[in-house]
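Observations on the three-dimensional arrangement
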Amino acid sequence: MTEALEKLRQEVRTWLEANAPRNWRETCTSHEAFLDTQRSWFAKLVEGGYGVPHWPAEWPGGGRSLAEQKVIYEEFARADTPRLLLSFMSTYHAASTLFEWGSEAQQRKYIPRILQGEIWCQGFSEPNAGSDLAGLRTRAERRGDVYVVNGQKLWSTMGQFADKCLLLVRTSDERAKQAGLTYLLLDLKTKGVTARPIRQIHGDEEFAELFLDDVEVPVEDRLGKEGQGWAVAQSTLSSERGLTLLELSARLRGSLWRLAALIRDAGREADPGVLRDFGRLATKIDATVAIADQFLATRIAGEERVGDASLVKLTYSRTLRDFTSLGIRLGGMEAQYHAPIVFGGGMETGNWMADFMNSYAWTIAGGSDEIQRNIIAERLLGMPREPKNWTLAGDVA
Amino acid sequence: MSLTRAELQDAARKAFGETGLAPDAEQSWALIADLGWLMMSVPEALEGLGLGAVAAGAIHSEFGRVLMPGPAIAQMLAIEALAAADTLAVRDELIARAMAGEVMTASLSGAVDGRLTCVPDADRASQFLIVSDARVSLMPRADAGMKVTPRETWDRTRRLFDVTFEHNADGLVLAEGAAALALAERLRAQLLFALAGDSLGGADAILQLTVDYLMVRRQFDRPLAMFQALKHRVADMKTVLSATEALFWARASAPAPSLADMGALKANATTVYRAIAEEAVQLHGGIGLTMEHHCHLFLKRAMLNCALGGDADRWEEAAGRQMLAQAVA
């Protein structure tokens, strides 16, 4: 077992030496260069058989065990390859939702295109539906063979570059708000779709806003039944919280050298305060890797509890904040001088202020830390939900 | 012989589930010996169970959960040291006696000066393990020249002593030279691992008691557990505890964890234990600061675990130094 893994590690390492893009951290300072790098790197990975190791075995490139995936990700982190930001939603969110809910025809239509580089984004959040996702208001009205969609979506990762969108819409106002949701697969080239990038506090534009104006989606592009959207959306969300964090925590572990280099450069190798904070962080990162590992083992064994994924996400998001925070502290004044960001550089680029600000993506996106805490308290620890009715002074519930 | 972690946990909970928290020292010690938990990591060739670190971790964590009194951690160190003394004629007999429950104790201080402080249950011990980098030896209880001084700690679930020997006798030498250094290192790592396990078991128990309390205590016409401000604090505790538990089991089965790895684990686990025990007192409100409730027992044991075996400052610094040497681009 260990021998086979060691063999795989050597294989991946050798392959990366020949194929991993070089100097991309220097060249990826424009969106064009970023897109080029992302596309060609993904294509190369697919060709080499390392693009989608987490997919089921019946699809090319899939069928790797948990232990094998871990080895592959560790080697990616070690070789400092670009993270697959552009195809991230496609290979994780879109694929795992299609595997679970897609008809055979839908899978045959969409899955191979992902390997060819088709890009998916997610249309879930809205200006008035963030943490309260089920309260979303984008409407889809059935007219014959199509749904006619109107509304606005927010925080679509890579939405401005995407071809397709996982779209959660309201088809009914009756009964509970979750029961009125439906899941559609939207072609972003359809008439009536406008995508506008959102500029984040560190300067990158990883998200977009989508405006949907009488957009027609064929009924055959519905995933699950009408009214089943909330259940389908859960598989999309849990794919992100599970598998992704295995890769991200391995990357975090593999990036500790950046802090070590800062400590050495500043001549603080003997500073006990610095060593303690560094040692504490390294241990927390090991714990993050361990809980991500454990989570996936639990999931593979079919023993996952609702809330387990939240433990992993909250652990990772807080640890990433600590990591970037220590980088700023050790970077001193140097970290305060503005440096251009590397597009697609991942969570740890060594541009400490940018990395720190980017770390909010993990404490806010994909269910904020506060939502994770609610889930942990209510689902894992069995604490009661807050009462639904509320009043302002003078109002009656 | 192989037992899963879950089987051991079940066995421990069956054995100690009835006795309640901080059980009677004498009865529980007899039970521990009867159940064979002192022979946990003794090789099968020496009539032990030959189980590894994961099994030991499960047991220490269950001991922490019930605030177990007694010298179990020290006894396991003494047994481990004895098992390493291949050439000692009386080894097998001594191990057999120790596994049967004859108290052989050791220092839990984590200090490297070879002085015997923080020695549990020294008043009823027949042998004392003395560990230095140059020599590991077993000193028999002496009628003359030996001084055993009780040191009352705030934590009443353990009984610690200082021990001095007037005559600079050698005792029974278990290892010397390079072998002693390697053994001393292993014993220190085991002490740290055991303290981490004890802390995580205790942290889990007091967290559960706190959640239970929040569910039944009502103020403002609702259970406290309904207030989001409190739920979020509890969720944070659950999260850090779960991550540290994952680290604990990962290091328990790691092929060659270093002393700094175990030290950092212990630092992390005791810090988490202390933080949860502190929050537990606060969240229990008035009842939490009375002797009637169990909260204070966990808080005091957590604080003691922080101090035993070397504190977080020492081990976090060591882990930082180790990582600085390893982390190269």
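Our structure is the block above this text.
Because the structure is predicted, anything quoted here is derived from the model rather than measured.

Each value, and the rule that gives it
Residues numbered from 1 in each chain as written. Chains lettered and ligands numbered in written order. Predicted model: local features only at pLDDT ≥ 70, side-chain atom pairs only at ≥ 80, totals over all residues. Heavy atoms only, no water. Salt bridge = Lys/Arg side-chain N within 4 Å of Asp/Glu carboxyl O. Helix = DSSP H or I, 4+ residues; strand = E, 2+ residues; numbered from the N terminus. Buried < 20%, exposed > 50% of the residue type's maximum accessible area, 1.4 Å probe, protein only. 1 Å grid on protein atoms, 1.4 Å probe; cavity = no way out; pocket = protein on both sides within 12 Å on 5 of 7 lines; lining within 4 Å. Points joined across faces, edges and corners; volume = space filled by probe spheres on them. Nonpolar A, V, L, I, M, F, W, Y, C, P; charged D, E, K, R; others polar. Contact = heavy atoms within 4.5 Å. Axes fitted to C-alpha atoms, helices over the stretch in contact; angles between N-to-C directions. Parallel < 35°, antiparallel > 145°, perpendicular 65-115°, else oblique. Left-handed = near helix turned anticlockwise from the far one by under 90°. Core = buried A, V, L, I, M, F, W, Y, C linked by side-chain atoms within 4.5 Å. Domains from an automatic or database assignment.

Some points on the pattern of salt bridges
Considering all chains together, one arrives at 54 salt bridges over all chains under this definition. Glu-6 of chain A is paired through a salt bridge with Arg-9 of chain A; the nearest N and O atoms lie 3.7 Å apart. One end of the pair, Glu-6 of chain A, and the other, Arg-9 of chain A, are both in helix H1 (residues 2-19), three residues apart, so they sit about a helical turn from each other. Judged by relative accessible area, which is 41%, Glu-6 of chain A ranks as partly exposed. We note a salt bridge from Glu-317 of chain B to Arg-321 of chain B, for which the minimum N-O separation is 3.2 Å. Placement of the pair is Glu-317 of chain B and Arg-321 of chain B together in helix H10 (residues 312-326), with a separation of four residues, close to one helical turn. Given the relative accessible area of 16%, Glu-317 of chain B is considered buried.

A short note on empty space enclosed by the protein
Residues and elements named next belong to chain A. Applying the stated criterion across every chain yields a total of four cavities of 30 Å³ or more. Empty space within the second largest cavity amounts to approximately 150 Å³. Forming the boundary of the second largest cavity are 17 residues, of which Gly-51, Tyr-73, Leu-84, Tyr-92 and Glu-247 lie nearest the centre. For the lining of the second largest cavity, the elements supplying multiple residues, two or more each, are helix H3 (31-48), helix H4 (66-78), helix H5 (88-101) and helix H7 (229-254). Among the elements that take part in the lining of the second largest cavity, H5 stands out by supplying three residues, more than any other. For the lining of the second largest cavity, the class distribution of residues is ten nonpolar, four polar and three charged.

Re the environment of Met-353 of chain A
Residues and elements named next belong to chain A. Among the secondary structure elements, Met-353 is positioned in helix H11 (residues 352-358). Residue class for Met-353 comes out partly exposed when judged on its relative accessible area of 26%. Between the alpha carbons of Met-353 and Gly-327 there is a distance of 8.3 Å; along the sequence they are 26 residues apart. In contact with Met-353, other than residues within four places in its own chain, are Ile-328, Ala-335 and Gln-336.

Considerations on the side chain of Arg-301 of chain B
All names here are of chain B. Here Arg-301 shows up in helix H9 (residues 295-307). Judged by relative accessible area, Arg-301 falls into the buried class, the value being 1%. Beyond its immediate sequence surroundings of up to four residues, Arg-301 is in contact with Phe-63, Gly-64, Leu-67, Met-68, Asp-155, Thr-157, Arg-158, Asp-198 and Tyr-273.

A closer look at the packing of helix H6 (residues 177-216) of chain B against helix H8 (residues 259-284) of chain B
For any two helices packed against each other, the geometry is given by the interaxial angle and the distance between the axes. All names here are of chain B. Where H6 meets H8, the closest approach of the two axes is 8 Å, and the angle between their N-to-C directions is 20°. With respect to their mutual orientation, H6 and H8 come out roughly parallel. You can see that H6 and H8 cross each other, and the crossing is left-handed. Here the residues of the contact of H6 with H8 are counted per class, giving 20 nonpolar, six polar and four charged.

Quick look at unusual backbone geometry
Here the phi dihedral of Arg-175 of chain A falls at roughly 60°; this positive angle occurs in a residue that is not glycine. Mapped onto the fold, Arg-175 of chain A is located in the loop between strand S4 (164-170) and strand S5 (181-187). Arg-175 of chain A sits in the exposed class, given a relative accessible area of 69%. With a phi close to 45°, Ala-22 of chain B is a non-glycine residue in the positive phi region. Here Ala-22 of chain B lies in the loop between helix H1 (5-16) and helix H2 (25-34).

Brief notes about the nonpolar core
Grouped together as the largest cluster of nonpolar side chains are 168 residues, with contacts concentrated most on Leu-256 and Leu-259 of chain A together with Trp-37 and Leu-129 of chain B. Among the elements that make up this core, the one with the highest residue count is H6 of chain B (17 residues). Residues lining this core come from more than one domain, with at least three contributed by each of domain 1 (2-82) and domain 3 (232-380) of chain A. Excluding its chain neighbours within four sequence positions, the residues that come into contact with Leu-256 of chain A are Phe-278, Leu-281, Ala-282, Ile-285 and Phe-323 of chain A together with Met-323 and Ala-327 of chain B. Formed by 27 residues, the second largest nonpolar core is a distinct cluster that contains Leu-35, Phe-161, Ala-162 and Phe-343 of chain A.

By themselves, these observations are geometric and do not establish any function.
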